[in-house]
Amino acid sequence: MQMSHRISGFQCSPIRRLSPYAVAATKRGIKVHYLNIGQPDIKTPDEALNAVRNYSKPNIPYGPSEGLYELREGVVDYYKQHSVDLDVDDVLITTGGSEALQFAFMTLCDPFDEIIIPEPYYTNVTSFARTAMVNLVPITSRIEDSFSLPPIEEFEKRITRKTGAILLCSPNNPTGYIYTNDEMKSILELCKKKDIFLIVDEVYREFCYEEEFSSVLSYEGYEDRVVCIDSFSKRYSMCGSRIGAVVTKNSEFKANILKLSQARLCPPDIEQVAALAALKTAPSYLEEVKQEYKKRRDFLSQGLKKIDGVICSTPKGAFYMVAQLPVDDAEKFAIFMLNEFNYENETVMIAPAEDFYVTPAIGKKQARIAYVLNTNDLARALICLEKGLEAYKEKYL
Ligand SMILES: Cc1ncc(COP(=O)(O)O)c(C=O)c1O
């Protein structure tokens, strides 16, 4: 029987693809430290959990396709704290940032249109693009430059009649890079000159370790061509609640994306109630979470830099970094770590970075490492990684 080529050609998520090896290692009694996935171990705010416990509607209804009005108002208030003035109708609640990205692609692009994106990038974007039948046009950002924005001329060269948008992610998954004000202004100017949209995925906005973050929505003069992707998942450690948002001031975009939203009826109701409660969490919650991740970042990057042959820079935000490893093939090494290696009955799982690139081979020796473990576990994970690299070198290099 027939399957669509569109879906059968999908890659399995490189973040999850190696899971069967990890399951098998666990069955053999080995403790696996998961550095592959951005699943925070931080507690969800009590306010959000209590809102779920106390959900009191007599049935769970379909809500408005745009999302609950009170939640959209809450999001407007949240943005005020980030110096962004919004109206409630600038905010559309989605089923996670994932749906926000997918809907944005489908709203802006016809099949075979293009989205320009710096690589490496959040790997699920490949699947969102394929679902929308949109081609991703990559521009390589380099580990040697800490993954800063590639030269603006590289973007300009690639803009054609098929270009629907440029997509940036800042703070970046997987690199941890945060685009500077100058970089943002230059890309916004280019979008204005070429009359195209800029989508910026800011789901890690609260995790900036060196300076205050400026949302793309705060740049004056570009409001009509900016689409911001947001999510409650990481901010409040409520990934499973699946609440995100698309924020824009462009009226035509708003009218069109609403048609898609109406087709899927509404975002989940109980989770929106929980998200609204999360917004009422004391600001100290986010500050403490940020300090915790900062501590982990410092610990991990200092530890990695001490391992012979590992190249990485200290990420400025989010909770990931891309490290170049002294191996021939990071995927082969990742499988070795789960299949053949353990140190005192422990090992680590990393995400090979090759699939975070469109261009083949660039990321072959690189891995994305998430620092979502506490520092005790990170310390053990670093020891395993160092010992594993030595063992791999002896056996395979
Ligand atoms: C950069 C980025 N954007 C969007 C998402 C999607 O998040 P969610 O659908 O959980 O809101 C993720 C999840 O890891 C991400 O890293």
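Right above here is the structure, for reference.
One structure accompanies this document, and this report is about it. These numbers were taken from a predicted model, which means no experiment stands behind them.

### Regarding the sheet that holds strand β2 (residues 91-94)
Then, number 1: The seven strands are arranged β2-β8-β7-β6-β5-β3-β4 in an open sheet whose pairing can be described as mixed. This sheet does not close on itself; its edge strands, each paired only once, are β2 and β4 (135-140). The sheet shows a mean angle of 25° between the axes of neighbouring strands, direction not considered.
Then, number 2: Pairing between strand β5 (residues 163-169) and strand β6 (residues 197-201): five bridges, direction parallel. Residue pairing in the sheet places C169 in a bridge with D201 of β6.
Then, number 3: Together, β5, β6 and β7 (226-231) form the strand contacts of helix α8 (residues 181-194), whose direction differs from that of β6 by roughly 145°.

### Focus on unusual backbone geometry
Then, number 1: For the peptide bond that leads from E119 to P120, omega is 0°, which places it in the cis range.
Then, number 2: Tracing the backbone through its elements, the reader meets P120 in the loop between β3 (114-119) and α6 (124-131).
Then, number 3: In this chain, S170 is followed by P171 through a cis amide linkage whose omega measures -5°.
Then, number 4: Positive phi is not limited to glycine here, since D195 has a value of about 55°.
Then, number 5: Assignment of secondary structure puts D195 in the loop between α8 and β6.
Then, number 6: Accessibility expressed as a relative area gives 60% for D195, which makes it exposed.
Then, number 7: In this structure, A318 is a non-glycine residue whose phi angle is positive, near 55°.
Then, number 8: Residue A318 is classed as buried on the basis of its relative accessible area of 0%.

### Concerning the pairing of β3
Then, number 1: Counting buried positions along β3 gives six out of six residues, so the element sits mostly inside the fold.
Then, number 2: Here β3 shows two buried faces, one formed by E114, I116 and P118 and the other by I115, I117 and E119.
Then, number 3: Sheet topology note: the β3/β4 ladder contains six bridges and is parallel. The residue bridging E114 from the neighbouring strand is N135, located in β4.
Then, number 4: Relative to β5, β3 runs parallel, the two being bridged by three bridges. Residue pairing in the sheet places I116 in a bridge with I166 of β5.

### Quick notes on the side chain of E119
Then, number 1: Along the chain, the position of E119 falls in strand β3.
Then, number 2: One buried charged side chain, E119, makes no salt bridge at all; its nearest oppositely charged neighbour is R158, positioned 7.9 Å away.
Then, number 3: A polar atom in the side chain of E119 sits 2.6 Å from the side chain of T140.
Then, number 4: In terms of polar contacts, E119 uses its side chain to reach the side chain of T359, at 2.5 Å.
Then, number 5: Residues within four places of E119 in sequence aside, it is in contact with P138, I139, T140, S141, F356, Y357, V358, T359 and I362.

### Considerations on the nonpolar core
Then, number 1: Within the largest apolar cluster, 126 residues are counted, with the highest numbers of intra-cluster contacts made by L71, F105, I166, L198, L304 and F333.
Then, number 2: The biggest single contributor to this core is helix α13 (residues 375-396), with seven residues.
Then, number 3: There are two domains that each give this core at least three residues, and those are domain 1 (5-43 + 284-396) and domain 2 (46-279).
Then, number 4: Each residue touching L198, except ones within four places of it in the same chain, is listed here: I166, L168, M184, I187, L188, C191, V216, R225, V226 and V227.

### Some details on the site of the ligand
Then, number 1: Among the 13 residues in the neighbourhood of the ligand, the closest are listed as G97, S98, D201, Y204 and S231.
Then, number 2: Within the backbone of G97, one N or O atom sits 2.6 Å away from an oxygen atom of the ligand.
Then, number 3: Taking S233, its side chain carries an N or O atom lying 2.7 Å from an oxygen atom of the ligand.
Then, number 4: In the complex, the protein chains occlude 94% of the 390 Å² of accessible area that the ligand would expose alone.
Then, number 5: In terms of residue count, helix α5 (residues 96-108) provides more of the shell around the ligand than any other element does, three residues in total.
Then, number 6: Across the shell around the ligand, the residue classes break down as four nonpolar, six polar and three charged.

### With respect to the pattern of salt bridges
Then, number 1: Under the counting rule described, the total for this entry stands at 28 salt bridges.
Then, number 2: For the salt bridge of E331 with R17, the shortest nitrogen-to-oxygen distance reads 2.7 Å. Linking E331 in helix α12 (residues 330-339) with R17 in the loop between α1 (5-8) and α2 (19-27), this pair joins segments that are 314 residues apart in sequence.
Then, number 3: A relative accessible area of 26% places R17 in the partly exposed class.
Then, number 4: In this structure, the salt-bridge partner of R142 is D145, at a minimum N-O distance of 3.0 Å.
Then, number 5: For D145, a relative accessible area of 37% corresponds to the partly exposed category.
Then, number 6: Connected through salt bridges with shared partners, the residues D41, E292, K295 and R296 form a single ionic network.

Cut-offs applied
- Residues numbered from 1 in each chain as written.
- Predicted model: local features only at pLDDT ≥ 70, side-chain atom pairs only at ≥ 80, totals over all residues.
- Heavy atoms only, no water.
- Pairing = 2+ DSSP bridges.
- Helix = DSSP H or I, 4+ residues; strand = E, 2+ residues; numbered from the N terminus.
- Axes fitted to C-alpha atoms, helices over the stretch in contact; angles between N-to-C directions.
- Contact = heavy atoms within 4.5 Å.
- Buried < 20%, exposed > 50% of the residue type's maximum accessible area, 1.4 Å probe, protein only.
- Lys, Arg positive; Asp, Glu negative; His and termini not counted.
- Salt bridge = Lys/Arg side-chain N within 4 Å of Asp/Glu carboxyl O.
- Polar contact = N/O pair within 3.5 Å; in protein donor to acceptor, adjacent residues only side chain to side chain.
- Core = buried A, V, L, I, M, F, W, Y, C linked by side-chain atoms within 4.5 Å.
- Domains from an automatic or database assignment.
- Near = heavy atom within 4 Å.
- Areas by Shrake-Rupley, 256 points an atom, 1.4 Å probe, with all protein chains shown as cover.
- Nonpolar A, V, L, I, M, F, W, Y, C, P; charged D, E, K, R; others polar.

These values are about where atoms sit, not about what they do.
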